[in-house]
Amino acid sequence: MRPLGREAETTRIGTFLRQPGSGERVLLLTGEAGSGKTTLLGEGRSSAAASGHHVLAAAPVETETALAYAGLADLLETVPAGLVDGLPGPQRLAVRHAVLRLETSADPVDPQTTAMGVRTLLRRLAADRPVLLVIDDLPWLDLPSARVLAFLLRRMRDEPVRLLATARTGWTGGATPAALAGVPGPQVSRLATGPLPAAALRDLVHGRLGLLLTRTELARLSALSGGNPLFALELAKQTQGGAADTLFGPPEAPPSLDELVRGQIVALAASARDLLLTAALPAQATVPVLTAAARRPATARADLEDALRSGLVVRDHHAVRFAHPVIRSVVIAGAAPADRRAAHRRLAAVVSSPETRARHLALAADAPDEAVAQLVTEAARACAHRGACDDGADLAELAVAVTPPDRARERRDRVLLAAEQRFAARDPGRARGLLEDLLQAVPGGLARAEVLRRLTRYRAFSGEPLAVGAATLAEALAEAGDDRTLRTRIQLDQAVLVTNMGDPPAGVAWIERALRDARQAGDGELVGECSAGLAYLNFVTGQGVRAELVRLARASPAPPPGSNMEQRPNLAVGHLLHWSGDLTGARACYRQEYDRTVATGMSANLPLLLWAMAETEAWAGDWPLARRYADHGYELAEDADSPIEVAFMAAVRAVLHAYQGRAGAARADAARAVQLAQGLGLAMVGVVAAQAFGAAALPTGDAAAVHQDLAPFADQVRAGLTEPDRFEPALYRFLPDEIEALIRLGELGPARELLEPFETRSAELDRTWGRSAAARCRGLLLAADGNAEGAATALDLALEWGRDLGQPFEQARTLLTAGEVARRARRKQRAAAYLREARQRFSDLGAPHWRDRAERELARVGIRGPRPSPGARPDGGPALTGAEQQVAERVLAGRTNAEIAAELFMGKRTVEAHLSQVYRKYQVRSRTELARKLPRPAPPAE
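Residues numbered from 1 in each chain as written. Predicted model: local features only at pLDDT ≥ 70, side-chain atom pairs only at ≥ 80, totals over all residues. Heavy atoms only, no water.

## Topic: the overall build of the protein
Right, so step 1: If you tally the helices and strands in the protein, you get 46 helices and eight strands.
Right, so step 2: For the protein, the exposed area adds up to about 38000 Å²; of that, 52% sits on carbon and sulfur atoms. (Helix = DSSP H or I, 4+ residues; strand = E, 2+ residues; numbered from the N terminus. Areas by Shrake-Rupley, 256 points an atom, 1.4 Å probe, with all protein chains shown as cover.)

Here it is as structure tokens:
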């Protein structure tokens with residue numbers, strides 16, 4: 001039977017179910033308690049099952065929010081076991097251990113792996129027919145399950161997987177349920193369940209209670225109930241047995257459901273009320289648990305029958321649940337504290353889960369109890385081990401609450417555990433609050449130093465200026481005394497802070513002191529972290545790659561889960577490889593660290609790794625993968641409300657926008673990153689974001705805009721050139737764009753001022769990207785000076801340096817510049833060859849604005865279509881590249897390889913490589929055969 005008076009709502013739900021491929025992914029039924037949301041949900045569930053959907057349902061309750069993955073376990077209860085068993089190994093283990101509790105794992109379970117496993121399950125389940133997730137009272141879904149659901153909803157695209165759920169209005173001030181966090185607005189629709197019309201109320205009361213109301217009685221019932229179906233039924237029940245006058249008193253506001261529930265509870269016997277309280281406290285109440293934990297076991301069965309007859313609870317096989325979640329809340333809130341504690345104590349004696357038992361014991365305690373606190377602490381650590389950080393933090397805070405006042409050390413350790421788990425669960429604000437409260441009670445010395453050190457990290461994560469953090473670390477160091485291990489960690493943190501603030505030489509000094517202390521402490525793990533950090537900072541300060549430090553870093557033990565991401569050896573070494581041009585090596589380091597981070601479940605600061613991974617793939621030309629990394633990191637950063645992470649992710653996202661032709665989005669993200677960086681005192685972010693300004697504006701020829709945006713960053717570079725031997729050109733990816741903009745604006749002097757140290761240091765340090773970019777800028781500068789031959793030679797060198805760089809966007813830009821310079825020198829055939837290749841590469845990459853610029857340049861060449869050039873095959877095959885053509889021409893002129901190398905400023909092996917390519921293209925094996933196939937070049941008439 002369709003719900004009475006809800007024709008419009010049921011039609012809307014039907015439309016939602018019939019369009020599984022539309023952009024609408026969630027339909028949320030909203031309304032006050034008792035308004036009929038659950039009834040409508042049941043109708044939707046039945047309709048979906050009848051139309052062939054896979055229906056997965058859950059009905060979370062308020063106290064179940066403390067049980068990790070309870071809602072998810074309900075949803076997956078009917079999924080065939082074979083599908084779970086068919087998941088990839090890590091995903092199968094995560095789902096079976098964290099969610100279904102079918103097996104245990106010696107290693108921690110990562111929440112993201114769990115989410116990926118559930119996503120794979122639903123995709124496979126949806127392969128043959130649509131899947132509908134049905135959740136009653138979505139806001140009460142436990143947080144780990146909610147996060148998995150949000151992960152799924154944000155990433156489902158074309159899969160026929162939908163969510164139909166209910167949410168009581170007013171529970172959280174209108175806040176979005178955690179399960180919908182980050183889900184795009186257009187994918188979520190809300191359907192309000194307003195008051196039932198009077199006619200529907202009449203039919204409802206008659207159908208459920210057999211009462212026939214007069215028009216007057218119905219009008220009064222409608223007014224007093226406000227059209228709420230549950231209120232109306234409860235009020236109508238009071239008319240049975242001669243209580244009809246309750247409907248005809250003075251017209252007042254309808255009584256709250258709370259009052260109605262309390263009235264029903266009071267009507268029960270005391271033993272039945274006790275049983276209701278016992279049923280309300282556990283995450284899941286079953287008949288065996290209730291009878292075992294009842295205050296009066298002898299009458300438990302009879303008391304349960306009384307409760308069932310009252311309609312407050314219902315029975316589903318062995319499970320006992322409340323007819324509505326709010327009833328459960330009223331039962332708990334109305335019980336005396338002593339009665340609640342007694343019920344928790346009885347439940348602790350009969351439940352089987354150690355975590356659940358520990359929670360009940362903590363809530364049963366009426367005074368501090370160290371034995372209970374220790375038990376709850378162990379449960380918290382068990383939750384942390386399996387990646388349930390929220391539960392771990394909850395239990396740790398419960399342990400703190402029952403720790404005796406004279407156990408200061410234990411209390412401190414439990415607060416640190418709670419803060420660590422809050423931070424791991426990406427709640428830095430709560431982690432910070434816990435430590436700030438603890439700091440007030442911690443005396444000076446090592447304990448205070450450790451609290452200050454961790455607090456600095458949490459505050460920086462939350463957006464505190466780095467300079468403030470540096471001062472706090474100085475205080476921590478003073479408190480650390482002679483403890484070498486703690487001093488090392490504090491100095492490592494200080495090195496990271498001052499480096500990010502834009503003073504890498506100071507960072508070197510800090511980390512050298514840290515390395516000395518680590519060696520004196522004999523801590524191999526810390527020696528490895530310090531070695532990695534020093535290798536990175538030596539590189540940043542222009543001292544090149546110190547191989548012995550890199551070896552030490554890679555050979556060191558892995559740091560513990562939860563350690564500062566920026567200090568991990570893999571990340572530091574990855575950064576060094578990344579900027580020195582070894583993208584393959586950097587990718588391997590980053591991926592290893594990513595896998596390890598995900599495996600431990602400690603994903604705090606993960607965006608700082610995803611930023612590096614995204615930038616590596618952006619440079620390597622895998623822009624779809626870079627976009628996935630950037631979007632994932634940005635979501636995590638915004639979810640955690642971390643300005644420092646948002647700044648990094650906005651910076652790299654800006655670069656991708658610029659590459660892919662979204663100039664407005666690029667400038668917006670870059671500007672946001674720079675603004676956040678300035679507020680934080682985070683100089684490094686500005687350098688990353690600056691790349692986007694040139695890539696966004698140069699393809700349209702707006703050199704003035706590029707210079708306006710990049711001039712402040714270029715000024716910082718000039719200021720640092722007072723010590724040229726400390727200048728590392730690989731860090732300043734924006735610099736060639738500023739040099740190009742200055743040249744195009746006619747500011748040749750300032751362009752030279754920046755180019756010469758960039759060019760010199762790139763050669764001294766053998767930075768392949770820097771040498772290629774510098775040669776490209778040199779070619780533009782020589783062309784602006786009227787030296788066409790010198791410009792062509794410089795650009796050939798730029799192409800040569802870029803050939804094996806593994807950065808296709810950079811090589812395409814060099815081809816574009818070479819084509820433009822050749823066109824201006826009236827070398828049309830060469831210009832056309834370069835520009836066609838640039839156009840194709842930009843097109844392959846997905847860089848439309850740059851492709852269009854190459855197209856415009858090609859149109860200016862004045863050649864209507866490809867024609868045979870001096871280097872083209874007679875059959876019309878592809879022309880030689882510029883460098884190959886120059887080598888071929890000199891071969892035809894009788895030059896030896898050594899002579900060609902000298903004339904073209906190439907290495908002899910490079911000449912041989914080009915000649916091999918020419919032989920391959922013309923299918924010859926010797927110079928003699930080449931001379932027969934390749935016509936001699938005509939005198940330059942271009």
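## Remarks on the pairing of strand β1 (residues 26-31)
Right, so step 1: With six of six residues buried, β1 lies mostly within the body of the structure.
Right, so step 2: Side chains V26, L28 and T30 of β1 all project onto a buried face; the interleaved residues L27, L29 and G31 project onto the opposite face, where all are buried too.
Right, so step 3: Across six bridges, β1 lies against strand β4 (residues 161-168) in parallel orientation. The residue bridging L29 from the neighbouring strand is T166, located in β4.
Right, so step 4: Relative to strand β5 (residues 188-192), β1 runs parallel, the two sharing five bridges. Residue pairing for β5: T30 is matched across the bridge by A192. (Buried < 20%, exposed > 50% of the residue type's maximum accessible area, 1.4 Å probe, protein only. Pairing = 2+ DSSP bridges.)

## Section: the sheet that holds strand β7 (residues 313-316)
Right, so step 1: An order of β6-β8-β7 is seen for the three strands of this open sheet, with the pairing classed as antiparallel. Among the strands making up the open sheet, the edge pair consists of β6 (285-286) and β7.
Right, so step 2: Pairing analysis gives four bridges linking β7 to strand β8 (residues 319-322), with the strands arranged antiparallel. Looking at the pairing, V313 lines up with F322 of β8.
Right, so step 3: Against the sheet, helix α14 (residues 300-310) touches β7 and β8, its axis set at about 115° to β7. (Contact = heavy atoms within 4.5 Å. Axes fitted to C-alpha atoms, helices over the stretch in contact; angles between N-to-C directions.)

## Here we look at the packing of helix α32 (residues 643-659) against helix α34 (residues 683-697)
Right, so step 1: Two elements in contact, α32 and α34, have axes separated by 8 Å at closest approach and are oriented at 15°. Classified by the angle between their axes, α32 and α34 sit roughly parallel to one another. Once α32 is placed against α34, the crossing between them reads as left-handed. Contacts between α32 and α34 involve A647, F648, A651, V652, A654, V655, A658 and Y659 on the former and, on the latter, V685, V688, A689, Q691, A692, A695 and A696.
Right, so step 2: Partitioned by chemical class, the residues of the contact of α32 with α34 number 14 nonpolar, one polar and no charged. (Parallel < 35°, antiparallel > 145°, perpendicular 65-115°, else oblique. Left-handed = near helix turned anticlockwise from the far one by under 90°. Nonpolar A, V, L, I, M, F, W, Y, C, P; charged D, E, K, R; others polar.)

## A closer look at the pairing of strand β2 (residues 54-58)
Right, so step 1: Burial analysis of β2 places five of its five residues in the buried class, the great majority of the element.
Right, so step 2: Of the pairings in the sheet, the one linking β2 to strand β3 (residues 131-135) comprises five bridges and is parallel in character. Within β3, the residue paired with A57 across the bridge is V134.

## Re helix α33 (residues 663-680)
Right, so step 1: In this model α33 runs 26 Å from its N-terminal to its C-terminal C-alpha over 18 residues, within 8% of the 26 Å that 1.5 Å per residue would give.
Right, so step 2: Every buried residue of α33 is listed here: A666, D669, A670, A673, V674, A677 and L680. The buried residues of α33 occupy an angular sector of 135° when projected down its axis, which confines them to one face. Residues of α33 that are exposed and point over 90 degrees away from its buried face: G664, Q675 and Q678.
Right, so step 3: Buried residues in α33 make contact with α23 (466-480), α31 (623-639), α32, α34 and α35 (703-720).
Right, so step 4: Phi for G681, located one or two positions after α33, is positive at around 75°. (Expected span 1.5 Å × (residues − 1). Arc of directions from axis to C-beta.)

## Looking at the packing of aromatic side chains
Right, so step 1: According to the stated counting rule, one finds 15 aromatic pairs in the structure shown.
Right, so step 2: Between F727 and Y732 the ring centres are 5.5 Å apart and the planes differ by 20°, which places this aromatic pair in the stacked class.
Right, so step 3: A relative accessible area of 22% places Y732 in the partly exposed class.
Right, so step 4: Note that R162 overlies the ring of F16, its terminal NZ or CZ placed 4.5 Å from the centroid.
Right, so step 5: The ring of Y634 carries the charged tip of R653 above its face, separated from the ring centre by 3.6 Å. (Phe/Tyr/Trp six-rings, centres within 6.5 Å; stacked < 30°, edge-to-face > 60°. Lys NZ or Arg CZ within 6 Å of the ring centre and 35° of its normal.)

## Notes on helix α12 (residues 270-280)
Right, so step 1: Counted residue by residue, α12 has nine buried out of 11 residues, so it is predominantly covered.
Right, so step 2: Listed in full, the buried residues belonging to α12 are S271, A272, D274, L275, L276, L277, T278, A279 and A280.

## Observations concerning unusual backbone geometry
What is expected of a backbone is that most residues other than glycine have negative phi and most peptide bonds are trans.
Right, so step 1: The phi dihedral of D137 is positive, around 65°, even though this residue is not glycine.
Right, so step 2: Relative to the helices and strands, D137 resides in the loop between β3 and α7 (143-155).
Right, so step 3: Judged by its relative accessible area of 3%, D137 is buried.
Right, so step 4: For R826, which is not a glycine, the phi torsion comes out positive at approximately 65°.
Right, so step 5: Note that R826 resides in the loop between α40 (808-824) and α41 (828-845).
Right, so step 6: A relative accessible area of 51% places R826 in the exposed class.

## Quick word on the sheet that holds β1
Right, so step 1: Taken together, five strands build an open sheet; the order of strands is β2-β3-β4-β1-β5 and the sheet is parallel. Lying at the two open borders of the sheet, with one neighbouring strand each, are β2 and β5. The mean inter-strand angle of the sheet, taken between neighbouring strand axes irrespective of direction, is 20°.
Right, so step 2: In the packing of helix α2 (residues 37-50) onto the sheet, the strands contacted are β1, β2, β3 and β4, and the crossing angle to β4 comes to about 165°.

## Focus on the nonpolar core
Right, so step 1: One finds L122, L138, L149, L163, L435, W579 and F842 to be the most contacted residues of the largest nonpolar core, which totals 228 residues.
Right, so step 2: Of the residues forming this core, the biggest block, 13 residues, is contributed by α32.
Right, so step 3: Those residues in contact with L163 that sit more than four places away from it in its chain are F16, R25, V26, L27, L132, L133, I135, L138, L149, L153 and L180.
Right, so step 4: With 30 residues, the next largest nonpolar core counts V261, A272, A280 and V287 among its residues. (Core = buried A, V, L, I, M, F, W, Y, C linked by side-chain atoms within 4.5 Å.)

## Structural notes on the side chain of T114
Right, so step 1: Along the chain, T114 falls in helix α6 (residues 111-125).
Right, so step 2: When neighbours within four sequence positions are excluded, T114 is seen to be in contact with Y69, A94, V95, A98, V99 and V109.

## Comments concerning the side chain of R154
Right, so step 1: Locating R154 in the fold gives a position in helix α7.
Right, so step 2: R154 sits in the buried class, given a relative accessible area of 11%.
Right, so step 3: A distance of 2.7 Å separates a polar atom in the side chain of R154 from the backbone oxygen of A181.
Right, so step 4: Residues in contact with R154, not counting those within four places in the same chain, are A181, G182, V183, E635 and D639. (Polar contact = N/O pair within 3.5 Å; in protein donor to acceptor, adjacent residues only side chain to side chain.)

## Regarding the layout of surface pockets
Right, so step 1: Approximately 990 Å³ is the volume attributed to the second largest pocket.
Right, so step 2: Contributing to the lining of the second largest pocket are 34 residues, with Q112, M116, F151, Y594 and H632 lying nearest its centre.
Right, so step 3: Looking at the lining of the second largest pocket, the elements that each hand over two or more residues are α5 (89-99), α6, α7, α29 (583-600) and α31.
Right, so step 4: For the lining of the second largest pocket, the element with the most residues is α31, which contributes seven residues.
Right, so step 5: Of the residues contributing to the lining of the second largest pocket, the split by class is 14 nonpolar, seven polar and 13 charged. (1 Å grid on protein atoms, 1.4 Å probe; cavity = no way out; pocket = protein on both sides within 12 Å on 5 of 7 lines; lining within 4 Å. Points joined across faces, edges and corners; volume = space filled by probe spheres on them.)

## A closer look at the packing of helix α22 (residues 446-461) against α23
Right, so step 1: Contact geometry of α22 with α23 gives a least axis separation of 8 Å together with a crossing angle of 165°. Between α22 and α23, the interaxial angle falls into the category roughly antiparallel. In this structure, the crossing between α22 and α23 has a hand that is left-handed. Of the residues in α23, those in contact with L446, R448, A449, L452, R453, T456, R459 and A460 of α22 are L466, G469, T472, L473, E475, A476, E479 and A480.

## Examining the pattern of salt bridges
Right, so step 1: Inspection of the entire model under this criterion finds 58 salt bridges.
Right, so step 2: The salt bridge partner of R129 is D128, with a shortest N-O separation of 4.0 Å.
Right, so step 3: It is possible to trace a salt-bridge network through shared partners that takes in D737, E740, R744, R813, E820, R824 and R853. (Salt bridge = Lys/Arg side-chain N within 4 Å of Asp/Glu carboxyl O.)

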